[in-house]
Amino acid sequence: GEDVEQSLFLSVREGDSSVINCTYTDSSSTYLYWYKQEPGAGLQLLTYIFSNMDMKQDQRLTVLLNKKDKHLSLRIADTQTGDSAIYFCAEKRRRTGGFKTIFGAGTRLFVKA
Amino acid sequence: GAVVSQHPSWVICKSGTSVKIECRSLDFQATTMFWYRQFPKQSLMLMATSNEGSKATYEQGVEKDKFLINHASLTLSTLTVTSAHPEDSSFYICSAVTGGDQPQHFGDGTRLSIL
C-alpha cells in the first residue's frame, strides 16, 4: 500500500528521551522527513535524512534509518514540555513528472512535567 | 530562512461564498508549491501541485473547478475555494520548495469555516 505508518500516541516524562517510530513503503524514496505540528499551526521541518545515510544527529534530535526494514525513528533527548506536539514522518517518492511526499498520520507526543 | 507565509490564518464565511487563500515564499523563490487539506486529527492530504507559470496538477478526487489554483509568480500561489459549502470546512496548508530535492517548507495554515 501507499501508507506511511506511525504509532498514534506517545507519552513521556520531562527529561526522558522520546522515540517516535515510522515505517514507510517505497525503498526508492530519496528523502525521509520529520515534521512537527503544534495546535492550529502548519508543519515545521525538524530534520531530514537522505536515503543513503543510516543516522543523522542535530542537537537533541537523532534520526535512525534502517533502509532494509524501511524503518525510520526520531529520538528526542531530554524531552521538554515544549516538545509536546504532533510529529509527522514523511517520505519523498519519485513519480512521473516529479515527486510526491507521503505523510504518516502523525504521532501525538505528550510530555508530562 | 525558508519562510512561507499563508494568509488569512482563519476565515469564516457563509455558504456559497468564494474564498481565496494566499501562500507566499518570503525569502526564497519557490519553483513548486503544494496545497494540502487536513481534517481534525488526521494527516495531510495532498490536493494539488502547482508549478510557476503552468497549470496545477490535481490529485485524484480533487475537483479542479472547485479548488482553483494560480501560481503566477515564483513567490505566490493562491487557492480559491469556489462556492464554498460546509463540507469544505477544513484546515488548508500550503508548502513550497526551491527545487526538486529540497524539503518542503510549510505555511501556518488557514482554518476555513463555512456556515
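For the structure itself, look to the data block above.
Being a predicted model, the structure only gives us computed values, none of them experimental.

Engineer: Whenever I open this one, the interface of chain B and chain A confuses me. Can you help?
Structural biologist: Interface size is commonly expressed as the accessible surface area that is lost when the partners come together. Facing 24 residues of chain B, the contacting portion of chain A comprises 21 residues. Summed over both partners, the interface of chain B with chain A comes to about 1700 Å²; 52% of that surface belongs to carbon and sulfur atoms. In terms of surface lost to chain A, no three residues of chain B exceed D101(B), P103(B) and F106(B), which account for 28% of the buried area on that side. Summed over the shared surface of chain B and chain A, the result is one salt bridge. A salt bridge links E59(B) to K100(A), with the shortest nitrogen-to-oxygen separation between them at 2.9 Å. The tally of links from chain B across to chain A stands at six residue pairs in polar contact (both at pLDDT 80 or more). Elements supplying a minimum of two residues to the side of chain B that touches chain A: β4 (32-38), β5 (44-51), β9 (90-97) and β10 (105-106) of chain B. Each residue belonging to the side of chain B that touches chain A can be placed in one class, and the counts come to nine nonpolar, ten polar and five charged.

Engineer: Sorry, what's going on with the sheet that holds strand β6 (residues 55-58) of chain A here?
Structural biologist: Hydrogen bonding along the main chain pairs the strands of a sheet, whether they run parallel or antiparallel. All names here are of chain A. Ordered by their spatial adjacency, five strands build an open sheet running β1-β3-β8-β7-β6, and the pairing between neighbours is antiparallel. Of all the strands in the sheet, just β1 (5-6) and β6 have a single pairing partner and so form its edges. Relative to strand β8 (residues 71-76), strand β3 (residues 18-23) runs antiparallel, the two being bridged by six bridges. Across the sheet, V19 pairs through a bridge with R75, a residue of β8.

Engineer: Explain the state of the cysteines here, please?
Structural biologist: Among covalent bonds in proteins, the disulfide is the one between the sulfur atoms of two cysteines. Under the defined criterion, the tally for this structure stands at two disulfides over all chains. The disulfide that involves C22(A) links it to C89(A), with 1.9 Å between the sulfurs. Its S-S torsion of approximately -60° makes the covalent link between C22(A) and C89(A) left-handed. With C22(A) in strand β3 and C89(A) in strand β9 (residues 85-95), this residue pair connects regions lying 67 residues apart in the sequence. For the pair shown, C22(A) and C89(A) are each scored as buried. With its sulfur 2.0 Å from that of its partner, C23(B) forms a disulfide with C94(B). One quick way to see it: the torsion about the S-S bond of C23(B) and C94(B) is about 80°, and its sign makes the bridge right-handed. Of the two residues, C23(B) sits in strand β3 (residues 19-25) while C94(B) sits in strand β9, which places them 71 residues apart along the sequence. By the burial criterion, C23(B) is buried, and C94(B) matches it.

Analysis parameters
Residues numbered from 1 in each chain as written. Chains lettered and ligands numbered in written order. Predicted model: local features only at pLDDT ≥ 70, side-chain atom pairs only at ≥ 80, totals over all residues. Heavy atoms only, no water. Contact = heavy atoms within 4.5 Å. Buried area = accessible area lost by both parts, 1.4 Å probe. Salt bridge = Lys/Arg side-chain N within 4 Å of Asp/Glu carboxyl O. Polar contact = N/O pair within 3.5 Å; in protein donor to acceptor, adjacent residues only side chain to side chain. Helix = DSSP H or I, 4+ residues; strand = E, 2+ residues; numbered from the N terminus. Nonpolar A, V, L, I, M, F, W, Y, C, P; charged D, E, K, R; others polar. Pairing = 2+ DSSP bridges. Disulfide = S-S within 2.5 Å. Buried < 20%, exposed > 50% of the residue type's maximum accessible area, 1.4 Å probe, protein only.

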